[in-house]
Amino acid sequence: MNHLIKTGIPGLDDVMKGGIREGASVLITGPPGTGKTIFCIQFIIEGAKKGESGVYITSEETVRDIRQYAKNLGLDIEKYEKNGLITIIQQSIAPRKLMSIATPLALIKSRNVKRVVLDSITLFEYTYVSGVPEFRKEILDFVLKMKEANVTLVTVSEKSVINIDRFEYKPEDFLFEGLILLTKVRKGSSYEFCISVMKMRGQDHSLD
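What this report covers is the structure whose coordinates are included nearby. Predicted model, so just to flag it, every value in this text is computed and none were measured. Here the residue numbers are simple positions, counted from 1 along each chain's written sequence. Only residues with pLDDT of at least 70 are given local features in this predicted model, and only at 80 or more are side-chain atom pairs given and counted; all residues enter the totals for whole chains, interfaces and linings. Where side-chain values are given, they derive from all heavy atoms of the structure, hydrogens and water being excluded.

**Re the packing of aromatic side chains**
- Aromatic pairing here means that ring centres of Phe, Tyr or Trp (its six-membered ring) are within 6.5 Å. Orientation follows from the plane angle: under 30 degrees is stacked, over 60 is edge-to-face, and everything else is tilted. In the structure shown here, the tally under the stated rule is zero aromatic pairs.
- Both a distance and an angle decide whether a charge sits over a ring: NZ of Lys or CZ of Arg must be within 6 Å of the ring centre and within 35 degrees of the ring normal. One cation-aromatic arrangement involves R115 over F43; the distance from NZ or CZ to the ring centre is 4.6 Å.
- Residue placement shows K184 over the ring face of Y191; its charged tip is 5.3 Å from the ring centre.

Here it is, written out as structure tokens:
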């Protein structure tokens, strides 16, 4: 039986019937402002609370931003940085240059890392056009390297469509074992935030 790890997100582990399968690769997608980065912060801190080392790779936010977001949520990510359980890597984007995963791979091996976050997949889009074969190949290569390292990977991507009934799959959505959509649903004059587990290969989950 596959071991399930907790995400640290209230209610989601119930939907997942225990959590995410250890060693799985999961894509978190949705429009801007739906909580994708917050999801990742909670996921990486939940591991640290249990003594699991984690690496957070950020390309669109600074390390300072990630720390501030965590602080706004009442989560002390800096405490886990200081004791070596969480490492935040700010990956600068250089034109026509592939993302080097040498640094996170070295950390994974030296610190027995169990959880990795890539926020976001845009890092690859600066080198290749989304959806083209080379773009998918680089993402798949990254996913496979993380799997070989025996870590649970959470990656972020953007969706332009908010309406869940008009969900449009991108080619890269099929490269991950899990796909979770974060979206907003109109409720009168306000919005309600929603999580939908679109797929989770190899494990049962609620379809509600």
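**Digging into helix α2 (residues 36-49)**
- Numbering of helices and strands runs from the N terminus, with a helix taken as a DSSP run of H or I at least four residues long and a strand as a DSSP run of E at least two residues long. Here a helix's expected span is defined as the number of its residues, less one, multiplied by 1.5 Å. Taking 1.5 Å per residue, 14 residues should reach 20 Å; α2 reaches 20 Å between its end C-alpha atoms and fits that length.
- Every buried residue belonging to α2 is among K36, T37, F39, C40, I41, F43, I44, I45, E46, G47 and A48, and all of these are buried.
- At the exit of α2 stands G51, carrying a positive phi of roughly 85 degrees. Buried means the residue's accessible area, taken with a 1.4 Å probe over protein chains only, is under 20% of the maximum for its type, while exposed means over 50%, and partly exposed covers the values in between.

**Observations concerning the pattern of salt bridges**
- Throughout this description, the term salt bridge denotes a Lys or Arg side-chain nitrogen within 4 Å of a carboxyl oxygen of Asp or Glu. For the coordinates displayed, the defined rule picks out nine salt bridges.
- A salt bridge links E46 to K50; the nearest nitrogen and oxygen atoms lie 3.5 Å apart.
- Residue E46 is classed as buried on the basis of its relative accessible area of 14%.
- Two residues, R67 and E81, come together in a salt bridge whose shortest N-O distance is 2.8 Å. Note that R67 is positioned in helix α3 (residues 63-72) and E81 in helix α4 (residues 77-82), a separation of 14 residues in sequence.
- Accessibility expressed as a relative area gives 31% for R67, which makes it partly exposed.
- Through salt bridges with shared partners, a single ionic network connects R21, K147 and E177.

**Concerning the nonpolar core**
- Counting residues in each nonpolar core, the largest one holds 32 residues, and the members touching the most others are F39, I45, Y56, I77, I86 and I180.
- Going through the elements one at a time, β3 (25-30), α2, α3, α4, β5 (86-90), β7 (152-158), β8 (178-187) and β9 (190-200) are the ones with two or more residues in this core.
- Considering every element that reaches this core, the biggest residue donor is α2, with seven residues.
- Setting aside chain neighbours within four positions, we find F39 in contact with I9, L12, I28, V154, I180 and L182.
- Grouping buried Ala, Val, Leu, Ile, Met, Phe, Trp, Tyr and Cys residues that are joined through side-chain atoms within 4.5 Å yields what is termed a nonpolar core. I89, I121, F142 and F176 belong to the second-largest nonpolar core, a separate cluster that totals 22 residues. Only heavy atoms matter for contacts: two residues are in contact if any of them lie within 4.5 Å across the pair.

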